[in-house]
Amino acid sequence: VDLEQIFRAHQKEIFVYFLRTLGDRDRAEDLAQETFLRACGSALRFRGDSSVRTWVFSIARRVLVDHYRRRAPEVLTEPPEQPRPTDPGARIDVERALALLPVAAREAIVMVDVIGLSPSEAADAIGATPNAFRVRLHRARQQFREVYGDER
Amino acid sequence: MSVEGPIEPPLRLNELADVDSPEVVRAALSRFRRRTVVWSLWIVGALVAAFLLLPGYTSLRNDPHVLLARSPGTVSGAVIHEGPVQATVFEVVRVNKSVFAIHLFLTDSALKPEEQLTALNVTGMYSGGGLVPPGFSLSAGKSVEVWSVNRPGSPVVVIPLAIVTTVGRDLPPLRIDLQQLSIPSWIWR
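Residues numbered from 1 in each chain as written. Chains lettered and ligands numbered in written order. Predicted model: local features only at pLDDT ≥ 70, side-chain atom pairs only at ≥ 80, totals over all residues. Heavy atoms only, no water.

1. Looking at the overall build of chain A
And then number 1: Looking only at helices and strands, one finds eight helices and zero strands in chain A.
And then number 2: Along its sequence from the N terminus, chain A presents helices and strands in the succession α-α-α-α-α-α-α-α.
And then number 3: Residues classed as buried in chain A amount to 47% of the 152 residues present.
And then number 4: For chain A, restricting intrachain contacts to residue pairs at least 6 apart in sequence, the fraction spanning at least 24 positions comes to 66%.
And then number 5: With the model as given, the accessible surface of chain A reaches about 7,600 Å², and the carbon-plus-sulfur share is 49%. (Helix = DSSP H or I, 4+ residues; strand = E, 2+ residues; numbered from the N terminus. Buried < 20%, exposed > 50% of the residue type's maximum accessible area, 1.4 Å probe, protein only. Contact = heavy atoms within 4.5 Å. Areas by Shrake-Rupley, 256 points an atom, 1.4 Å probe, with all protein chains shown as cover.)

2. Description of the nonpolar core
Nonpolar side chains tend toward joint burial in soluble globular proteins.
And then number 1: Core analysis: the largest hydrophobic core is formed by 55 residues, its most contacted members being Tyr-17, Phe-18 and Phe-144 of chain A.
And then number 2: Put simply, the parts of the chain that give this core at least two residues each are α1 (3-22), α2 (25-42), α3 (52-70), α5 (89-99), α6 (103-115), α7 (119-126) and α8 (130-148) of chain A together with α1 (25-53) of chain B.
And then number 3: With residues near it in sequence (within four places) discarded, Tyr-17 of chain A still touches Phe-57, Ala-60, Arg-61, Leu-64, Glu-107, Val-110, Met-111 and Ile-115 of chain A. (Core = buried A, V, L, I, M, F, W, Y, C linked by side-chain atoms within 4.5 Å.)

3. Overview of the confidence of the model for chain A
And then number 1: Residues at a pLDDT of 70 or more form 84% of chain A, whose mean pLDDT is 83.
And then number 2: Within chain A, no element has a lower average pLDDT than helix α4 (residues 72-77) of chain A, which sits at 50, and none a higher one than α2 of chain A, at 93. (pLDDT = per-residue confidence, 0-100.)

4. Considering the packing of α2 of chain A against α1 of chain B
And then number 1: In contact at an axis separation of 8 Å, α2 of chain A and α1 of chain B are set at 50° when each is read in the N-to-C sense. Considering the angle they form, α2 of chain A stands oblique to α1 of chain B. Along this stretch, α2 of chain A crosses α1 of chain B, giving a crossing that reads as right-handed. Between α2 of chain A, through Gln-33, Glu-34, Phe-36, Leu-37, Cys-40 and Gly-41 of chain A, and α1 of chain B, the contact on the second element is made entirely by Val-25, Ala-27, Ala-28, Leu-29, Arg-31, Phe-32 and Arg-35 of chain B.
And then number 2: Here the residues of the contact of α2 of chain A with α1 of chain B sort into eight nonpolar, two polar and three charged. (Axes fitted to C-alpha atoms, helices over the stretch in contact; angles between N-to-C directions. Parallel < 35°, antiparallel > 145°, perpendicular 65-115°, else oblique. Left-handed = near helix turned anticlockwise from the far one by under 90°. Nonpolar A, V, L, I, M, F, W, Y, C, P; charged D, E, K, R; others polar.)

5. Notes on the pattern of salt bridges
All names here are of chain A.
And then number 1: This model, assessed by the stated rule, comprises 14 salt bridges over all chains.
And then number 2: One salt bridge in this structure joins Arg-53 and Glu-121, with 3.4 Å as the shortest N-O distance. Here Glu-121 lies in helix α7 and Arg-53 lies in helix α3, a separation of 68 residues in the sequence.
And then number 3: Among the residues examined, Glu-121 registers a relative accessible area of 21% and is labelled partly exposed.
And then number 4: The closest approach of N and O atoms between Arg-69 and Asp-66, which form a salt bridge, is 3.4 Å. Taken as a pair, Arg-69 and Asp-66 lie in helix α3 at a separation of three residues, close to a single helical turn. (Salt bridge = Lys/Arg side-chain N within 4 Å of Asp/Glu carboxyl O.)

6. Observations concerning α1 of chain B
And then number 1: Between its first and last C-alpha, α1 of chain B extends 41 Å over 29 residues, near the 42 Å set by a 1.5 Å rise per residue.
And then number 2: The set of residues buried in α1 of chain B consists of Val-25, Ala-28 and Leu-29 of chain B.
And then number 3: On the buried face of α1 of chain B, the contacting elements are α1 and α2 of chain A. (Expected span 1.5 Å × (residues − 1).)

7. So, the side chain of Gln-33 of chain A
And then number 1: One can find Gln-33 of chain A in helix α2.
And then number 2: Given a relative accessible area of 15%, Gln-33 of chain A falls into the buried group.
And then number 3: Filtering out sequence-adjacent residues up to four positions away, Gln-33 of chain A remains in contact with Val-24, Ala-27, Ala-28 and Arg-31 of chain B.

8. Focus: unusual backbone geometry
Note: most peptide bonds trans; most residues except glycine with negative phi.
Residue and element names in this part refer to chain B.
And then number 1: A positive phi angle, near 65°, is found at Ser-182, a position not held by glycine.
And then number 2: Secondary-structure assignment places Ser-182 in the loop between β11 (174-177) and α4 (185-188).
And then number 3: Residue classification places Ser-182 among the exposed positions, given a relative accessible area of 61%.

Below, the structure is given as structure tokens:
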């Protein structure tokens, strides 16, 4: 099995997961690389109980949690990412709206509404029950609509 | 809270996924390979160190029994009589470039109870290994296993013997002619 080929199929969405959850391109790149590094180490233990996509996302989730643990003081005090002035207007609003959400809500929306994971896959990846995740997603979408407006 | 009823419409934010992704997989795989190599080297190093530092292993290396047993040589079985002493040449081995050794069993054949045989330039062995200091005494009716450690060059090995008693009595030395015993010359030469 060519690991590189398998991982490459998920490279972009893992990067997007970190980019849209953290709002920092460099950090997203580092954590995406860390995710695949850990995936290499645990590839032999992957038993195929879930899809490769869910497995890789579950690793990415742990990398994100570890990242927050390490950087907790800074993350709690740092302001939400501000959109760059060169971005197109509509997109800036969406990004700003996402950045204003709590991390858990942002993560749920990024997984399902940005990347396109099914709620079940996302629930598997973060280790929640499908129902619990649906509740979280529902609340996250509500929060997003409140922040962004109701155009979408 | 449960989410029942019609399926909630997605937010359709998939345009946010339209970004240029950097190459992270190849970098991760390279890092993994490097890390694997480093770990492998550490593990191999640790194993080698553990193996070398094992006390049992080092004591084994220093054990003269093991050292002599591992040396190449030949088994003789020749018996030499000298006065009250019977010497059985069990084996002769070449320990290294500068040493060869004769494995002997010395048995008294005619010592009186008050007499004690003394042999010089031989090395006895404790039962647990380790060499006793050169020279030993053999009491009447007993036998002892000894090694005579010698420098190569001559086929004749001389082990001075004496009987210690209340009345001293000198004996001729014990002569072992390895050439005569058909011991290959590469061992003693």
